[in-house]
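For reference, the chains in residue letters:
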Amino acid sequence: MKFDHPILLRIRAVVLTLVFLLILGLLTRPLEAPAWKRVQAGQPELNLVGMEGALGQGIIVGMLGGFRSIMADFLWLQTNVVWQDRERAKLDSMVRLVTSIDPRPVFFWINSARMIAYDVPHWRIQEEGGYQTVPEWRQAAIDREQAEQAFAHIRRALEFHPDNPRLYLEIGQIYLNRLDDPAKAAPWFLRASEQPGSPYFAARIYAELLRRQGKNAQAYDFLKGLFLRLPDDEPYAQKGIILERIRELERTLEITPAEAFNPSRNT
Amino acid sequence: MVAMAESAISIRNLTKDFPVGISGKKLRAVEGLNLDVGDNEIFGLLGPNGSGKSTTIKIVLGLLEPSVGACTIYGKSSRTVAARRSVGFLPEAPYFYRYLSGRELVCYYARLCGVGKAGLAHDVDSVIDLVGMNEAAHRRVGTYSKGMLQRIGLAQAIVHDPQLIILDEPTAGVDPLGAAAIADIIRELKSRGKTILLSSHLLAQIEGLCDRVAILHRGKLVSEGRIDELVAEKQADSFVVEGLEPGGHAAVQKAIEAEGGRLVRVEKPRLSLDAFFLNEVQKRESAHEAAVVEKEDPK
Amino acid sequence: MSFLSPSRIRLIAANTFLEAVRQKFFNSLLFITLALVASSTFFQQFDFGTSELKFIADFGFGALFFFGSILAITVTTQLFFNEIENRTALTMLAKPVHKFDFLAGKLLGVQLLMLAFVCLLSFVLAGILYWRETVLMSQFGPETFSEGRILRYGDILIFGFLQWLKFGLLGAITLFVASFSNTNIYTIIVSFCILVVCQLQYIARDAYGDMEQGVGRLLVQGLGLIFPNFQLFNVGDQLLFTSQEALPAATILRITLYACVYIAGFLLLAHLSFRRREI
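What you see is a predicted model, and the numbers here were worked out from it, not measured in a lab.

Cut-offs applied
Along each chain, the written sequence defines residue order, and numbers are assigned to residues from 1. Ligands are numbered from 1 and chains lettered from A, in the order in which they are written. Note on the predicted model: pLDDT of at least 70 is required for a residue's local features to be given, and 80 or more for side-chain atom pairs to be given and counted; whole-chain, interface and lining totals, by contrast, use all residues. The helix count covers DSSP runs of H or I at least four residues long, the strand count covers runs of E at least two residues long, and both are numbered beginning at the N terminus. Placing a C-beta atom from the backbone of each residue, one calls two residues in contact when those atoms lie within 7 Å. Note on residue classes: Ala, Val, Leu, Ile, Met, Phe, Trp, Tyr, Cys and Pro are nonpolar, Asp, Glu, Lys and Arg are charged, and everything else, Gly too, is polar. Nonpolar core, as used here: buried Ala, Val, Leu, Ile, Met, Phe, Trp, Tyr and Cys residues forming one set through C-beta atoms within 7 Å. Backbone-placed C-beta atoms define the burial measure: a residue is buried with 20 or more other C-beta atoms within 10 Å of its own, exposed with 12 or fewer, and partly exposed in between. For the purposes of this description, domain bounds are those given by an automatic or database domain assignment. Strand pairing is assigned whenever DSSP identifies at least 2 bridges connecting the two strands. The angle between two axes is taken between their N-to-C directions and runs from 0 to 180 degrees, where each axis is a line fitted to C-alpha atoms and a helix contributes only its stretch in contact. Each angle gets one of four labels, with under 35 degrees taken as roughly parallel, over 145 as roughly antiparallel, 65 to 115 as roughly perpendicular, and the rest as oblique. Note on convention: the crossing is left-handed when the near helix lies turned anticlockwise from the far helix by less than a right angle, right-handed when the turn is clockwise. Confidence of the predictor in every single residue is expressed as pLDDT, which spans 0 to 100. One less than the residue count of a helix, multiplied by 1.5 Å, gives the span that helix is expected to have. Starting at the helix axis, one direction is taken to each C-beta atom, and the arc is that of these directions.

Chemist: Mind laying out the overall build of chain C, listing which residues take part and the relevant values?
Modeler: A tally of helices and strands in chain C yields nine helices and zero strands. Reading chain C from its N terminus to its C terminus gives the helix and strand order α-α-α-α-α-α-α-α-α. Projected onto its principal axes, the C-alpha coordinates of chain C cover approximately 70 × 55 × 30 Å. Sequence separation of 24 or more characterises 83% of the internal contacts of chain C that already satisfy a separation of 6 or more.

Below you can see the structure in the form of structure tokens.
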């Protein structure tokens with residue numbers, strides 16, 4: 001029987017092509033696998049559970065197909081529009097969508113936390129009648145609710161960015177600025193100051209918060225240690241201001257000159 | 001069939017089938033073709049549309065593979081790229097890259113054929129001169145007329161000095177003057193020792209140009225040989241007579257019958273329409289050119 | 001008269017490039033892409049701070065990726081079929097030119113075009129990023145930029161280079177499809193389908209690990225081997241910012257070799273298919 005019928009010839013060609021590509025795939029695996037491992041490490045897993053309804057098919061394919069960053073960017077722009085329109089419920093879902101699609105930019109987490117903690121309480125109070133009408137206890141309750149939501153949001157961010165000082169700072173600032181709770185804010189400023197690349201002011205604010213709580217001795221010890229750790233040639237370290245604070249605390253704690261902190265002796 | 005010491009083209013038992021769809025049916029384009037094209041001759045390939053001329057030419061050029069049989073060019077299999085070093089080809093209704101000038105186009109093909117940089121400029125200039133495209137060579141091919149395209153096409157076919165030149169309908173769509181110019185170029189190429197295989201529907205041109213022809217019909221060779229031998233009425237002779245008195249016709253007829261012959265017909269000898277047209281036009285062209293020269297220089 | 005003649009391939013490539021840059025489609029798409037990248041300056045309206053640079057980079061990389069992929073497929077298809085339909089392929093292949101040299105020359109010509117596209121876009125993007133970073137540096141002061149600029153401009157070129165390799169692979173795949181296809185439109189559609197599969201094949205590989213033994217697992221494993229992994233080239237979101245770890249040179253080299261092997265493989269397939277094609 002002659003094997004030259006056009007259909008059989010085509011089937012043969014297709015099979016041979018697939019076999020060739022299969023072999024090529026196997027041969028290039030030693031090259032591709034380590035490279036893919038490295039590339040994949042930089043692309044966190046997508047967590048789309050519960051999101052499929054919010055996402056269209058096109059968006060899913062687009063994200064999976066290599067447009068993840070740009071999809072998140074465009075959805076963030078949409079989030080800004082939603083924020084401008086003060087659509088609370090939609091803001092909540094948009095924020096979760098953006099950070100689920102691309103949890104890598106800290107920018108998304110921090111800005112969305114700020115929207116939740118700072119802007120939404122203001123909207124809710126306005127919805128309930130305004131600052132003149134809504135009693136203070138109710139305003140405080142709303143602030144606390146929104147702050148807790150923002151904290152939960154930032155805790156999710158810390159799963160992806162455990163070493164980022166800005167996230168710790170954000171929690172501290174919400175406690176301090178929205179909830180007026182220096183006792184709860186202080187530990188977060190401390191943790192922020194302990195992260196790599198932390199801004200110098202984090203430690204200074206921690207010391208100041210200790211002082212506000214009346215923990216002068218603790219503040220004094222902390223500032224002394226801080227002063228010795230900080231580099232001399234870094235203007236942002238503001239060692240002069242730290243030394244001033246140390247001297248103020250020495251006066252408050254009535255520390256004698258003999259016992260006073262001497263930077264040159266203690267280095 | 002004429003056997004040569006080494007044929008330019010030698011085709012043996014060539015058959016070509018084309019598959020039709022995926023049903024397994026085949027269309028036979030050429031069947032059992034045996035043909036030789038001798039060295040340094042102009043060979044015409046004739047036949048109606050669908051007779052297998054283009055298929056045969058493509059097989060000679062290695063662009064198609066035969067289903068059965070073989071073809072060689074100066075002893076080398078036509079399926080090898082090396083065989084094409086000795087071949088130049090002008091396709092039917094040629095189309096070239098419109099954005100290149102005529103010279104750039106010929107240069108491009110010359111370099112593709114392996115013409116070295118040392119002799120490139122000289123080779124390109126000489127073929128452009130041969131085809132009479134000196135004045136238009138700097139212009140883009142997109143601005144060329146049909147006749148100019150054929151001539152630049154001829155230039156690209158011969159720039160690498162091939163021994164065998166294949167021309168597919170070289171004068172199709174070209175006016176008689178242009179066609180005559182191309183015919184002159186073909187004769188010039190023959191005088192330089194080249195072999196030319198040309199395929200054409202214009203039988204009058206073939207007749208005036210080719211040494212031998214082959215006629216294909218439905219993929220089969222039906223006739224082949226020298227034109228004089230093919231078209232001659234073998235059983236008759238013709239005498240062309242001048243100055244015969246009207247009454248002399250009867251005497252001539254009587255003399256012929258006395259020798260055992262039979263006068264078949266008496267008619268006026270004819271020039272071909274091509275030749276008549278060329279005569280008339282060329283006469284007037286020469287007169288016009290003379291008038292222009294006289295006007296510019298009354299002395 | 002050797003097979004794989006570099007000088008012939010270069011000649012055909014140069015002519016292909018000349019033909020390609022004259023194509024209206026290429027010029028239109030280039031203009032659109034450049035306009036889109038330039039329009040990314042619109043992000044400054046949102047006052048995102050230094051994150052504006054991320055938006056511009058994502059936008060620029062996305063435009064390069066998206067439009068470059070369209071261009072690679074359509075230009076390769078158009079240039080190939082122009083030769084077939086105008087029968088310039090006939091004139092060329094009647095010369096002592098191997099069919100492989102013809103295909104390689106076509107592919108190289110398209111790659112030269114893509115190189116011009118990638119270079120132009122990369123430089124425009126780098127220019128916009130440099131300008132915006134300079135403005136932001138003066139706006140936010142030295143503390144935000146205490147360690148100097150926050151962008152690694154060399155990474156733009158790395159991304160451009162990897163995308164250029166991917167376009168070459170896409171071109172080789174398109175050429176393979178064109179070698180047995182009869183029409184432009186079929187070639188373009190099939191090539192786009194293959195692009196999508198290659199872009200998403202990594203999902204099949206990830207899923208393979210979770211599947212039970214059986215035909216399904218075998219098929220998924222086969223899919224992951226047969227189609228090249230295009231997601232490997234989409235490293236744009238891991239490049240550029242100094243706060244991120246640079247992509248190791250070894251990884252870039254592996255990706256480059258991977259692309260080169262696949263390009264050669266598809267070119268070979270295209271040759272084997274085109275050899276039998278009757279022009």
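Chemist: Can you lay out the interface of chain A and chain C for me, pointing to particular residues and giving the numbers?
Modeler: As a measure of interface size, the accessible area lost when the parts come together is often cited. With 29 residues of chain A in contact, the opposing surface of chain C contributes 34 residues. If you list the elements that add at least two residues to the side of chain A that touches chain C, you get α1 (6-41) and α2 (57-84) of chain A. Among the elements that take part in the side of chain A that touches chain C, α1(A) stands out by supplying 16 residues, more than any other. Counted by class, the side of chain A that touches chain C contains 17 nonpolar, eight polar and four charged residues.

Chemist: Provide a residue-level description of the nonpolar core, including the pertinent values.
Modeler: Among the nonpolar cores identified, the biggest contains 205 residues, and B:V106, B:A155, B:I166 and C:A172 are the most heavily contacted of them. Contact partners of B:I166, with chain neighbours within four places excluded, come to B:I57, B:V60, B:L61, B:V87, B:F89 and B:L197.

Chemist: Give a description of the environment of B:Q163 that names residues and reports values.
Modeler: All names here are of chain B. Structurally, the position occupied by Q163 is in the loop between α4 (146-158) and β7 (164-168). Under the C-beta neighbour-count criterion, Q163 is labelled partly exposed, with 16 such atoms within 10 Å. Considering only alpha carbons, one finds Q163 and A8, 155 residues apart in sequence, at a separation of 8.3 Å. Contact partners of Q163, with chain neighbours within four places excluded, come to Y74, S86, K194 and T195.

Chemist: Before we move on, could you go through the domain arrangement of chain B and cite the residues and values that matter?
Modeler: Partitioning chain B into structural domains gives domain 1 (9-231) and domain 2 (238-299). Using only C-alpha atoms to locate each centre, domain 1 of chain B and domain 2 of chain B end up separated by 35 Å.

Chemist: Any details on unusual backbone geometry? Residues and values, ideally.
Modeler: Phi is mostly negative for residues that are not glycine, and the peptide bonds are mostly trans. Positive phi, normally seen in glycine, also occurs at A:D180, with a value near 50°. For A:D180, the position within the fold is in the loop between α6 (165-178) and α7 (182-193). Under the C-beta neighbour-count criterion, A:D180 is labelled exposed, with 11 such atoms within 10 Å. Look at B:D161: it is not a glycine, yet its phi comes out positive at around 55°. Locating B:D161 in the fold gives a position in the loop between α4 and β7. Judged by local crowding, B:D161 falls into the partly exposed class, with 16 C-beta atoms found within 10 Å.

Chemist: Can you explain the pairing of strand β2 (residues 25-37) of chain B? Please cite residues and give values.
Modeler: All names here are of chain B. Bridge count for strand β1 (residues 9-20) against β2 is nine bridges, and the pairing is antiparallel. Within the sheet, the bridge partner assigned to I11 lies in β2 and is L35. If you look at the hairpin formed by β1 and β2, you'll find four residues sitting between the two strands, and G21 has a positive phi there, around 65°.

Chemist: Break down the sheet that holds β7(B) for me, citing the residues and quoting the values.
Modeler: Residues and elements named next belong to chain B. In space, the six strands of this open sheet follow the order β6-β7-β8-β3-β9-β10, with mixed pairing throughout. Two strands in the sheet have a free side with no partner beyond their single neighbour: β6 (87-90) and β10 (220-226). Taken over all neighbouring pairs, the strand axes of this sheet differ in orientation by 15° on average, direction set aside. When β6 meets β7, the two strands line up parallel, connected through four bridges. Each bridged residue has a counterpart across the sheet, and for V87 the counterpart in β7 is L164. Contacts from helix α1 (residues 53-60) reach β3 (42-46), β7, β8 (195-199) and β9 (212-217) within the one sheet, and its direction differs from that of β7 by about 150°. Along the sheet, α4 makes contact with β6 and β7, crossing β6 at roughly 165°.

Chemist: Just give me the short version of the packing of helix α2 (residues 102-112) of chain B against helix α1 (residues 6-21) of chain C, but keep the residues and values in it.
Modeler: Running from N to C, α2(B) and α1(C) cross one another at 155°; their axes reach a closest spacing of 9 Å. With respect to their mutual orientation, α2(B) and α1(C) come out roughly antiparallel. In this structure, the crossing between α2(B) and α1(C) has a hand that is left-handed. Contacts from B:Y108, B:R111 and B:L112 of α2(B) reach α1(C) at C:R8, C:L11 and C:N15. In the contact of α2(B) with α1(C), the residues fall into three nonpolar, one polar and two charged.

Chemist: How would you summarise the sheet that holds strand β5 (residues 76-77) of chain B if you had to cite specific residues and measurements?
Modeler: Working definition: the strands of a sheet are paired by backbone hydrogen bonds and lie parallel or antiparallel to each other. Residue and element names in this part refer to chain B. One open sheet accounts for four strands, arranged β2-β1-β4-β5; its pairing is antiparallel. The sheet is open, and its two borders are formed by β2 and β5, each paired with just one other strand. Bridge analysis of strand β4 (residues 68-73) against β5 gives two bridges, and the strand direction is antiparallel. Along β5, the bridge assignment pairs T72 with S77.

Chemist: Go over the confidence of the model for chain C with me, naming the residues and quoting the values.
Modeler: When pLDDT is averaged across chain C, the result is 89; 96% of the residues are at 70 or more. On the interface metric, ipTM, the complex scores 0.89, and its pTM is 0.84.

Chemist: I'd like to hear about the environment of B:L154, residue by residue, with values.
Modeler: Residue and element names in this part refer to chain B. Secondary-structure assignment places L154 in helix α4. Since 25 C-beta atoms lie within 10 Å of it, L154 is described here as buried. Remark: the alpha-carbon pair of L154 and V106, spanning 48 residues in sequence, is separated by 9.6 Å. L154 has contacts with L90, V131, I182 and I185, leaving out every residue within four places of it along the chain.

Chemist: Tell me what's going on with the packing of α1(A) against helix α8 (residues 215-226) of chain C, and back it up with residues and numbers.
Modeler: Here α1(A) crosses α8(C) at 80°, and the two axes come no closer than 7 Å. One element, α1(A), and the other, α8(C), form an angle in the roughly perpendicular class. Residue-level inspection shows A:L18, A:L21, A:L22, A:G25 and A:L26 of α1(A) in contact with α8(C), the latter providing C:G222, C:L225 and C:I226.

Chemist: Tell me about α6(A), and please be specific about residues and values.
Modeler: Residue and element names in this part refer to chain A. Taking 1.5 Å as the rise per residue, α6 with 14 residues should run 20 Å; its terminal C-alpha atoms sit 19 Å apart, in good agreement. Its buried side turned inward, α6 meets α4 (106-127), α5 (136-160), α7 and α8 (201-212). Count one or two residues on from α6 and you reach D180, which has phi positive near 50°.

Chemist: Mind laying out helix α3 (residues 117-130) of chain B, listing which residues take part and the relevant values?
Modeler: Residue and element names in this part refer to chain B. With 14 residues, α3 extends 20 Å between its outermost C-alpha atoms, agreeing within 8% with the 20 Å of an ideal straight helix rising 1.5 Å per residue. The set of residues buried in α3 consists of D123, V124, V127 and I128. Each buried residue of α3 sits inside an arc of 125° when the element is viewed along its axis, so together they form one side. More than 90 degrees from the buried face of α3, the exposed residues found are A118, G119, A121, H122 and D129. Considering only its buried residues, α3 is in contact with α2 and α4. G132, located one to two residues past α3, shows a positive phi value of around 70°.

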